[in-house]
There are 2 protein chains.
Amino acid sequence: MKTARATPGLSGTTRLYAIIGDPIAQVGSPRLFNAEFQARGIDAVLVAMHVAPADLGGMIATFRAMKNFDGLIVTVPHKIQAAAMVDSLGGNAARLGAVNAIRKLPDGRLLGDNFDGEGFVRGLAARGIELAGRKVLVIGAGGAGCAVVNAIADQRAASIGVYDIDATRRDALVRSVGAHSPGVPVGSSEPVAAGFDVIVNCTSVGMKPDDPLPLDISGLDANTVVADIILKPVRTPLLEAAARLGCITHEGPAMLEGQVDAVMDFFFATSPQAHA
Amino acid sequence: MKTARATPGLSGTTRLYAIIGDPIAQVGSPRLFNAEFQARGIDAVLVAMHVAPADLGGMIATFRAMKNFDGLIVTVPHKIQAAAMVDSLGGNAARLGAVNAIRKLPDGRLLGDNFDGEGFVRGLAARGIELAGRKVLVIGAGGAGCAVVNAIADQRAASIGVYDIDATRRDALVRSVGAHSPGVPVGSSEPVAAGFDVIVNCTSVGMKPDDPLPLDISGLDANTVVADIILKPVRTPLLEAAARLGCITHEGPAMLEGQVDAVMDFFFATSPQAHA
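Residues numbered from 1 in each chain as written. Chains lettered and ligands numbered in written order. Predicted model: local features only at pLDDT ≥ 70, side-chain atom pairs only at ≥ 80, totals over all residues. Heavy atoms only, no water.

Overview of the overall build of chain A
Note the cut-off: Numbering of helices and strands runs from the N terminus; a helix is a DSSP stretch of H or I covering at least four residues, while a strand is a stretch of E covering at least two. Computation of the radius of gyration draws on C-alpha atoms alone. For the globule rule, the value is 2.2 Å times the number of residues to the power 0.38. Residue burial is assigned from relative accessible area. The probe radius is 1.4 Å, only protein chains are included, and a residue is buried under 20% of its type maximum, exposed over 50%, and partly exposed in between. Reported accessibility uses the Shrake-Rupley method at a 1.4 Å probe radius. Residues are deemed covered only where the shown protein chains occlude them. A positive count includes Lys and Arg, and a negative count includes Asp and Glu. His and the chain ends are not counted in either. In this description, the location of a charge corresponds to atom NZ of lysine, CZ of arginine, CG of aspartate or CD of glutamate.
The secondary structure content of chain A amounts to 9 helices and 12 strands. Whereas a compact globule of 276 residues would reach a radius of gyration of roughly 19 Å, chain A reaches 19 Å, a difference of no more than 12%. In chain A, which comprises 276 residues, the share counted as buried stands at 54%. Summed over all atoms, the accessible surface of chain A reaches about 11000 Å², with 55% contributed by carbon and sulfur. Charge separation in chain A, taken as the distance between the mean sites of 24 positive and 27 negative side-chain charges, equals 4 Å.

Here you go:
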């Protein structure tokens, strides 16, 4: 993880990037990407833009038109709507129907892709935690859960169990991943920790201090890796409880940090056709 | 003049400001305003946005809608068009029909005003050069010339002579300033330096290396102050020639630096009603 650093002096030649979301105050991308721009000597800045859903279309039109505005990070609640506003989608975005990054290509077209799942996998890998051959339980089949389950399937996990309080949403995810990654057994599971090697919470349960745990951890083994994608608090009740049982815990911000390199590659790829 | 400094680390809470223009690479506002934000401990950033004339309306609409986007510096060629897109105009903007700064008021309305002329006057004053009681010649009656002549009239100059190659434009400026500042004699002049205390070039003549001088300086007195508003080159042929004759010369960037405090007051005024 890079430490927070000041951005270099901005000028009239500085290229513009932004993260768009609503709310926006909580985002970590300005810190992460400006540190990266500075470390690589790139004359660019990434700023936070607070955009309401009703204003997304106008904002994307302004992004299209502005000559020195080159890329967007897209966060909640815009990921699905924005996917319909770009000109082409990369593979992950097409599979998920959601973008979390948009690049303006040299010809002006907008290319969207999604690095949330890859960010989660890279965040684990940066700590030496591999998913290949592991039995994984993912709690939550919303946007983040879909991205994470797809990326875990790409890593050739031994099996993936999916739980969501909404059975329709859960089953839709199980079917789509099963169709895309036939070699990885994916099925619906109960929210019970026993028997899994890796557990990932992709729900928002744990953001509020009096939230219950998102699953039953009574059978949790000390060899299990327990991960959360919640950004605040960094130490969720689930992670604290797992740590008390001796588990390896993995915090939410690692997913953001894990995708910085991938998004930088996406923004600055010299052969964008490879993505389109 | 403040030296260039890095902006502080940006985050999701950072308020957004921008300078809009076309071209944009030459602007100095990001350096000047980010240094000011940092010096005052304000969590804000000013970025350069390259906006073509056809895209100005959409850009202003996005500015209106974006919840953390608080102010704009407006530069060439948008100053007149933008004046028609805001909800109210301050006194100088109303007089000039042009804005160079727009603030979003707490109720969401956009207030435009113009600090170009005040910036020029403050830039001179910062060096101890007063305009009250001086005979001033201004070359050029375009947007910059109008702003400068109005501000000089407000300083109670002894007299103001205006020259422009376009007699209609010159006469319109002379009439409007005369009506607004009846105590200051304003008239049309030839482009001849002799007999003036202060000479200001408000044309673009001098930007190109082989430009002629914008006026006849054969009768220039060594006690005359010769000012240029051209930003690049900082040392125009006119300033170089005047310096060789022993005159005090005054460079273009001082006009930008001179308006930073005024624009900061405008952006962060706690009683914006005073401007509206």
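Regarding the relation of the copies chain A and chain B
Spelled out, the test is: Superposing the copies works by least squares over the C-alpha atoms of residues that have pLDDT at least 70 in both of them. Contacts are residue-level and defined by heavy atoms, with any inter-residue pair within 4.5 Å sufficient.
Here chain A sits on chain B after a turn of 180° about the axis and a move of 0.0 Å along it, with an RMSD of 0.1 Å. Such a turn and shift between the copies fits a two-fold axis. Here 100% of the contact residues of chain A are again contact residues in chain B; the copies associate through an equivalent surface.

Details of the domain arrangement of chain A
Residues and elements named next belong to chain A. We count it as follows: Just so you know, the domain bounds were taken from an automatic or database domain assignment. Any carboxyl oxygen of Asp or Glu that lies within 4 Å of a side-chain nitrogen of Lys or Arg is treated as forming a salt bridge with it. Definition of a polar contact: a pair of N or O atoms within 3.5 Å, with one able to donate and the other able to accept a hydrogen when the atoms are protein atoms, and with sequence-neighbouring residues admitted only if both atoms are side-chain atoms.
According to the domain assignment, chain A consists of domain 1 (15-113) and domain 2 (117-255). The distance between the C-alpha centroids of domain 1 and domain 2 comes to 26 Å. On the domain 2 side, the residues contacting the 4 residues of domain 1 number 7 residues. Where domain 1 packs against domain 2, one counts 1 salt bridge. Summed over the shared surface of domain 1 and domain 2, the number is 3 residue pairs in polar contact (both at pLDDT 80 or more).

Looking at the packing of aromatic side chains
Residues and elements named next belong to chain B. Going by this rule: Stacked, tilted and edge-to-face are the three classes assigned to paired rings of Phe, Tyr and Trp, where Trp is represented by its six-membered ring and a pair needs centres within 6.5 Å; plane angles under 30 degrees give stacked, over 60 edge-to-face, the rest tilted.
Applying the stated criterion to the full structure yields 17 aromatic pairs over all chains. Aromatic pair Tyr 17 and Phe 267: ring centres 4.9 Å apart, planes at 45°, arrangement tilted. With a gap of 250 residues between them, Tyr 17 in strand β1 (residues 15-21) and Phe 267 in helix α10 (residues 260-268) connect regions that are remote in the sequence. Accessibility assignment for this pair places Tyr 17 and Phe 267 in one class, buried.

Observations regarding the pairing of strand β3 (residues 69-74) of chain B
Residues and elements named next belong to chain B. We count it as follows: At least two bridges found by DSSP between two strands are what make those strands a pair.
Most of β3 is tucked away, with 6 of its 6 residues classed as buried. Across 3 bridges, the pairing between β3 and strand β5 (residues 101-104) is antiparallel. By the bridge assignment, Gly 71 is partnered in β5 with Arg 103.

Some remarks on the pattern of salt bridges
Residues and elements named next belong to chain A. For the structure on display, the rule yields 26 salt bridges over all chains. The salt bridge partner of Asp 164 is Arg 169, with a shortest N-O separation of 3.2 Å. In this structure Asp 164 comes out as buried when scored by relative accessible area, which is 5%. Between Glu 240 and Arg 235 there is a salt bridge; the shortest N-O distance is 3.7 Å. Note on Glu 240: relative accessible area 33%, which makes it partly exposed. Bridged by salt links that share partners, the residues Glu 36, Arg 40 and Asp 261 form one connected network.

Let's talk about the interface of chain A and chain B
The criterion, for reference: Buried area is a sum: the accessible area each of two parts loses on coming together, probed at 1.4 Å, counted once for each and added. In this classification, Asp, Glu, Lys and Arg are treated as charged, Ala, Val, Leu, Ile, Met, Phe, Trp, Tyr, Cys and Pro as nonpolar, and every other residue, Gly included, as polar.
Taken together, the contact between chain A and chain B spans 33 residues of the former and 33 residues of the latter. Of the roughly 2300 Å² buried where chain A meets chain B, counting both sides, 62% is carbon and sulfur surface. In terms of surface lost to chain B, no three residues of chain A exceed Leu 10, His 50 and Lys 67 of chain A, which account for 22% of the buried area on that side. Across the chain A-chain B interface, the total number found is 2 salt bridges. A salt bridge links Asp 22 of chain B to Lys 67 of chain A; the nearest nitrogen and oxygen atoms lie 3.7 Å apart. The tally of links from chain A across to chain B stands at 9 residue pairs in polar contact (both at pLDDT 80 or more). Looking at the side of chain A that touches chain B, the elements with two or more residues in it are α1 (29-40), β2 (44-50) and α2 (56-65) of chain A. Here the residues of the side of chain A that touches chain B are counted per class, giving 18 nonpolar, 10 polar and 5 charged.

Here's the deal with the UniProt feature "domain: Shikimate dehydrogenase substrate binding N-terminal" (unreviewed entry) in chain A
Inclusion rule: UniProt positions are given in the numbering used here, feature names are shortened, and annotations may be inferred rather than shown by experiment.
The feature "domain: Shikimate dehydrogenase substrate binding N-terminal" (unreviewed entry), as given by UniProt, occupies residues 19-102 of chain A in the numbering adopted here. Here residues 19-102 of chain A is 39% helix and 24% strand, with 10 Å between the C-alpha atoms at its ends.

Observations concerning the pairing of strand β10 (residues 198-201) of chain B
All names here are of chain B. The side-chain alternation of β10 yields two buried faces, one formed by Val 198 and Val 200 and the other by Ile 199 and Asn 201. Bridge analysis of strand β7 (residues 135-139) against β10 gives 4 bridges, and the strand direction is parallel. Bridging across to β10, Ile 139 finds its partner in Asn 201. Bridging between β10 and strand β11 (residues 225-228) involves 4 bridges; their strand directions are parallel.

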